[in-house]
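# Reading the structure
Take a look at the letters that make up each chain.
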Amino acid sequence: MPRISKITPYTLRFKFQAGTSRGTYTEHKVKYIELTDENDPTHVGIGEYAPLPDLSPDTASAMLFAHETALWHYNRQTLRLSDTPFSRGEAGIPINGLIWMGHYDLMKQRIEEKISAGFRCLKLKIGAISFDDEISLLKQIRNRFPRETIELRVDANGAFLAGDDAMRKLDRLAQLDLHSIEQPIRAGQWEEMAQLCRNTPLPIALDEELIPTSFDTYTTTYKEELLDAIRPQYIVLKPSLHGALSGCDEWIRLAEQRGMQWWATSALESNVGLNAIAHWVAQYRPDIPQGLGTGQIYENNIEGYPLELRGDEMWCK
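First, a word on what this report is: a plain description of the structure on this page.

Conventions used here
Residues numbered from 1 in each chain as written. Predicted model: local features only at pLDDT ≥ 70, side-chain atom pairs only at ≥ 80, totals over all residues. Heavy atoms only, no water. Axes fitted to C-alpha atoms, helices over the stretch in contact; angles between N-to-C directions. Helix = DSSP H or I, 4+ residues; strand = E, 2+ residues; numbered from the N terminus. Parallel < 35°, antiparallel > 145°, perpendicular 65-115°, else oblique. Contact = heavy atoms within 4.5 Å. Nonpolar A, V, L, I, M, F, W, Y, C, P; charged D, E, K, R; others polar. Pairing = 2+ DSSP bridges. Buried < 20%, exposed > 50% of the residue type's maximum accessible area, 1.4 Å probe, protein only.

## Considering the packing of helix α5 (residues 190–199) against helix α6 (residues 220–230)
As a packed pair, α5 and α6 sit with axes 8 Å apart at the nearest point and diverge in direction by 50 degrees. Judged by the angle between their axes, α5 and α6 are oblique. Contacts between α5 and α6 pair W190, M193, A194 and C197 from the former with Y222, E225, L226, A229 and I230 from the latter. Looking at side-chain class alone, the contact of α5 with α6 contains eight nonpolar, no polar and one charged residues.

Structure (structure tokens):
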């Protein structure tokens, strides 16, 4: 039987200041959970505990994710955690190119870098600089590339004010033929979010709205009530924040029952957690770009994991 044999704290250092509407990250403190067979010390499994204190008041999801993925690794005894075309190196997972917040010129430079690298789906985090400047950046992309060439997503992280402010901004964004916007207003405003989802000219994806805030919010009943009340066009799933792999499996089942679409996103995990999320989502054979990190944001990422970026796809080496 496996038992927890070691918990190792580790500080991941960003290569750049990672800006969000909630502030800027320069480092990320994580812990690695190691399971070991009581009778065989060479039989181990490792999982990552990587909560984001500014985003989640409840770290239970991150702890459950660490234990689930450590047990998955323990049982599989290989870093190729799934048995899929992805794990066999036969197919990649399409991913979006993430444009972190920054000043106008820096965001423009990052956009050019992602386009040059071959990304066909770009996701811009918005809400930290002038909205007019953000519209200008999006216009520059759309004037050069139609939606068939470059898909554009934006993530507001709840930066808009509920009501007229949010609707005016959604109207302006919709003119740029965007794919979707994540979490336009802050979480917890079900009635206001439901009204936006009913009237929006632009598909809305829930993100922070799915983060559990108490024991009751982990339940199936709560998830059903949330989806039925708000009726979003998409949900975005982060296992470290949204109830771990098992919790995200349930979100997917409930969303698909209601005709809602989804995609998965990593949440600043190192290669340890990212590898687990990639193999988990590969089991669903996704055909739209996922929000998986590329492992290139940290100076001191954990080496030895079989992830490789090829153009705009994540591959298992």
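Now that the structure is up, let's keep going.
## Quick notes on the sheet that holds strand β4 (residues 93–94)
Reading across from one edge, β4-β13-β12 is the order of the three strands in this open sheet, with antiparallel pairing throughout. Every other strand in the sheet has two partners, leaving β4 and β12 (307–310) as the edge strands with one partner each. In this sheet, strand β13 (residues 313–316) lies alongside β4 in antiparallel orientation, the contact comprising two bridges. Each residue of the ladder has a partner; that of P94, found in β13, is E313. Sitting on the sheet, helix α8 (residues 271–282) is in contact with β4, β12 and β13, with an inclination near 70 degrees to β12.

## What to know about the sheet that holds strand β8 (residues 180–182)
Taken in spatial order, the seven strands line up as β5-β6-β7-β8-β9-β10-β11 in an open sheet, and their pairing is parallel. Since the sheet does not close on itself, it has two edges, and those belong to β5 (97–99) and β11 (261–264), each with one partner. Sheet twist, expressed as the average angle between the axes of neighbouring strands with direction ignored, equals 25 degrees. Inspection of the sheet shows strand β9 (residues 204–206) paired to strand β10 (residues 234–237) by two bridges, in the parallel sense. Note that in β10 the partner of L206 across the bridge is I235. Set on the sheet, helix α3 (residues 131–144) makes contact with β6 (121–125) and β7 (151–155); between it and β7 the angle comes to about 170 degrees.

## Quick notes on the pairing of β6
Counting buried residues in β6 gives five out of five residues, a clear majority hidden from the surface. Residues C121, K123 and K125 point to one face of β6 and L122 and L124 to the other, with burial holding for every one of them. Two strands pair when backbone bridges link them, and β5 and β6 are joined in this way by three bridges, in the parallel orientation. Considered in β6, the bridge of L98 is made with K123.

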